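Coordinate inspection notes
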Amino acid sequence: MTDAIVVEGARKRYGEKRALDGLDLVAARGTVHGVLGPNGAGKTTAVRIMATLLRADEGRVEIAGCDARRQAREVRRRIGLLGQHAAVDEELSGRQNLEMFGRLHHLGARRAGVRADELLARFGLADTGRKAVKQYSGGMRRRLDLAASLITEPEVLFLDEPTTGLDPRGRAEVWESVRSLVGGGTTVLLTTQYLEEADQLADRVSLVDHGRVIAEGTTDDLKARLGGDRIDVVVRDGAELVRAARLLPGAVGGTDALGGTDGVGGTDGVTVDADRRLASAPVTDRMEALTRVVRALQEEGIEAEDIAVRRPTLDEVFLRLTAGRTEDQNRMKEAV
Amino acid sequence: MSATTTGATAPPADTVNGSRLVLALTDCWTMTRRELAHWGRQPVQVLVGLFFPVMMLLMFNYLIGGGKGITGDYAEFLVPGMFALTMVFGLDATMVAVTTDLNKGVVDRFRSMPMANGAVLVGRSVADMLQSFASLLVMMGVGLTIGWRWHGSLAAVAGAVGLLMLLRFAMLWLGIHLAMVAGRPELVTAVQILVWPVGFLSNAFTVPANMPDWLGAAVEWNPMSAAATAVRELFGNDPGVAGTSWAAEHAMLLAVLWPVALVAVFLPLAVRRFGGLSR
Ligand SMILES: Nc1ncnc2c1ncn2[C@@H]1O[C@H](COP(=O)(O)OP(=O)(O)OP(=O)(O)O)[C@@H](O)[C@H]1O
Ligand SMILES: [Mg+2]
């Protein structure tokens, strides 16, 4: 049994609302599995079911070889959970919290204290003293929450949007922690709304929408399917926008992209945004594309205000995956 | 293998040897410590909690004064009634504490940990019982200074205290259950308001003989009246006005049966509801 997480056909309804609608998910031991989806996709519901906080109406959920419904206690011994919202006692200090959680993991009083101090030091909270958690900054609270989910090194760690609300340094710290944990053999399931985060950390990614997985694979697979990086060109004069958009496909992708020059929003994945005077196209080689676009614009005498190569946003990924399903596209736009 | 990650001492879970029972008791103790730590951080709140009933006692004794039909010192009559009232009002404190707690994110963490299911509730119970016991001692002290005395044996006094704590224990589980049924703080306020008539439609302040017949009967069957009458008997504070109805004559029996019945109903309900929060 090498899969740390197995979810098959999980369903959860709230009245008429289907929060999970037959979700399938498998994560191999020692890997990081990303669950990527927009607001309301069902990410938190899925995590809560896997962490035994909720029961699925239907479906099989197995965590570290234990059934989440029938062996909840066994599952709880093997997991760590960083929920979407802070799950620490706000009235107590960071140390009091960690010591309490250590005792609840049955470390015994002395070792719980030692462990609390270690974790405080590791997460840069050693000098918080007796200060109550409600006086912590958001980032400090998040770090304490993460520390609390690592009291015992869990076999499976659930992280529900671990870096939402953190500054770049805090985000980098969380990423670093995740990487070193995986080095130690832990399986991590991480939900996120940031494609970049999944890209940085996850071995495999499930894209979730409407409580279902709509695409699954390694980040490379998905990027290949989704067109990978994009180049954005903002023109100075809005009247030049269409002209700029027309020359993008020829410029960006080397010879294989030359076929499609029919223009805007076609199969070559070029999009325009008239309000922002922005044309955007997928690229394969970042540097090459940048040089060629700059040169092409100069040759055509089009003045650019800004040119940048970037990752596709989650919206673009979803728009692409759900292309043709208009209701979804509308919903995505509302969600933005 | 994990030296680089969570430190060389990252311990495996559940390494303290012990049976399920020992582990469960450990969890209960940990959760009790949590409540005590909250007290340590909110000393003012704790003091306010202790002195609110004292204020009520003084107010009723000096401002509202004696009730008619009560022979002898009013304090002798009032003080034991106020003990019972304080226990019933503990319901309110329990409900507020449980609702605030259950709406906190930390409960999610407790529920995702390999701890005993009911430990959170046990922590609450121990803390509330300790608080009420302290409150009772303070009230007894204040009672003594305003002229209340006990006239029975120490065993009878202990029995009275035991009966009062039993009433509090019943209120505890009723409170935990009601708080979970209500769920949200707004609904709890509604339940709180209903505690007042129960508290005042009793024989804590005056004898049922002073009330219309139908009300007097209701008052005598009130669990709180039974406790007040029984406690007066044990303390030897007989105002000579005990009623003659069945309920009044069997107050001691009712003072035991009522709380036991309430606990028998609401403790299992509360525990079941707590376990089922996830569905
Ligand atoms: N307790 C609940 N009662 C009713 N509906 C709920 C409940 N919890 C979740 N839902 C609904 O289920 C759907 C999935 O919610 P969920 O919180 O799992 O989404 P999410 O992917 O975590 O979103 P976000 O990115 O905003 O955190 C949403 O439409 C939500 O409104
Ligand atoms: Mg969520």
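Heads up: the structure comes first, above all this text.
For the structure given in this document, a descriptive report is provided here. All values derive from a computational prediction rather than experimental measurement. (Residues numbered from 1 in each chain as written. Chains lettered and ligands numbered in written order. Predicted model: local features only at pLDDT ≥ 70, side-chain atom pairs only at ≥ 80, totals over all residues. Heavy atoms only, no water.)

Right, let's get into the site of ligand 1. All names here are of chain A. Around ligand 1 lies a shell of 14 residues, among which Gly40, Lys43, Thr44, Thr45 and Gln84 are the nearest. Between an oxygen atom of ligand 1 and a main-chain N or O atom of Ala41, the distance comes to 3.1 Å. For ligand 1, an oxygen atom lies 3.1 Å from a polar atom in the side chain of Glu161. Notes on ligand 1: free accessible area 640 Å², of which the protein chains cover 64%. When contributions to the shell around ligand 1 are tallied by element, the ones reaching two or more residues are β2 (17-28) and α1 (43-50). (Near = heavy atom within 4 Å. Polar contact = N/O pair within 3.5 Å; in protein donor to acceptor, adjacent residues only side chain to side chain. Areas by Shrake-Rupley, 256 points an atom, 1.4 Å probe, with all protein chains shown as cover. Helix = DSSP H or I, 4+ residues; strand = E, 2+ residues; numbered from the N terminus.)

Counting residues at the interface gives 47 residues for chain A, matched by 40 residues for chain B. Summed over both partners, the interface of chain A with chain B comes to about 4100 Å²; 51% of that surface belongs to carbon and sulfur atoms. On the chain A side of the interface with chain B, the three residues burying the most area are Arg73(A), Leu104(A) and His106(A), jointly 19% of the side's total. Along the contact surface separating chain A from chain B lie 4 salt bridges. A salt bridge links Arg33(B) to Glu99(A); the nearest nitrogen and oxygen atoms lie 4.0 Å apart. For the pair chain A and chain B, the number of links is 13 residue pairs in polar contact (both at pLDDT 80 or more). Secondary-structure elements contributing two or more residues to the side of chain A that touches chain B are α2 (72-78), β6 (79-82), α3 (94-104), α4 (109-122), α5 (138-148) and α6 (168-183) of chain A. The greatest single-element share of the side of chain A that touches chain B, amounting to 6 residues, is contributed by α3(A). Along the lines of polarity and charge, the residues of the side of chain A that touches chain B split into 18 nonpolar, 10 polar and 19 charged. (Contact = heavy atoms within 4.5 Å. Buried area = accessible area lost by both parts, 1.4 Å probe. Salt bridge = Lys/Arg side-chain N within 4 Å of Asp/Glu carboxyl O. Nonpolar A, V, L, I, M, F, W, Y, C, P; charged D, E, K, R; others polar.)

All names here are of chain A. Taken in spatial order, the 6 strands of this open sheet run β6-β7-β8-β3-β9-β10, and their pairing is mixed. Each edge of the open sheet carries a strand with a single partner, namely β6 and β10 (212-218). Neighbour to neighbour, the strand axes of the sheet diverge by 15° on average, direction disregarded. (Pairing = 2+ DSSP bridges. Axes fitted to C-alpha atoms, helices over the stretch in contact; angles between N-to-C directions.)

This brings us to the coordination of the magnesium ion (ligand 2). Residues and elements named next belong to chain A. Distances from the magnesium ion (ligand 2) to its protein donors, Thr44 (OG1) and Gln84 (OE1), fall at 1.8 to 2.1 Å. Residue Thr44 is found in helix α1, and its partner Gln84 is found in the loop between β6 and α3; the two are separated by 40 residues along the sequence. Gln84 sits in the partly exposed class, given a relative accessible area of 32%. (Donors = N, O, S within 2.8 Å, 3.2 Å for Na, K, Ca; no water. Buried < 20%, exposed > 50% of the residue type's maximum accessible area, 1.4 Å probe, protein only.)

Once that is clear, we can look at the sheet that holds strand β12 (residues 271-273) of chain A. All names here are of chain A. Ordered in space as β12-β13-β11-β14, the 4 strands form an open sheet in which the pairing is antiparallel. A single partner strand is all that each edge strand has here, and the edge strands are β12 and β14 (304-310). Averaged over neighbouring strand pairs, the angle between their axes works out to 15° when direction is ignored. As defined by bridge partners, β12 adjoins strand β13 (residues 278-282) across 3 bridges and the pair is classed as antiparallel. For Asp273, the partnering residue across the bridge sits in β13 and is Leu278. Of the strands in this sheet, β11 (230-235), β12 and β13 are in contact with helix α9 (residues 241-252), which crosses β13 at around 15°. The sheet strands contacting helix α10 (residues 286-300) are β11 and β14, and the helix crosses β14 at an angle near 165°.

Residues and elements named next belong to chain A. Here β6 shows no split at all, with Ile79 and Leu81 on one side and Gly80 and Leu82 on the other all buried. Pairing between β6 and strand β7 (residues 156-160): 4 bridges, direction parallel. Counted as the bridge partner of Leu81 is Phe158 from β7.

Next up on the list: the layout of surface pockets. All names here are of chain B. When its volume is computed, the largest pocket comes out at roughly 1000 Å³. Lining the largest pocket are 32 residues, with Gln45, Gly49, Ala93, Ala97 and Arg124 positioned closest to its centre. Contributing elements (two or more residues each) for the lining of the largest pocket: α1 (20-41), α2 (43-64), α3 (74-102) and α5 (119-145). Among the elements that line the lining of the largest pocket, the one with the most residues is α3, at 10 residues. Among the residues forming the lining of the largest pocket, the class breakdown is 13 nonpolar, 10 polar and 9 charged. (1 Å grid on protein atoms, 1.4 Å probe; cavity = no way out; pocket = protein on both sides within 12 Å on 5 of 7 lines; lining within 4 Å. Points joined across faces, edges and corners; volume = space filled by probe spheres on them.)

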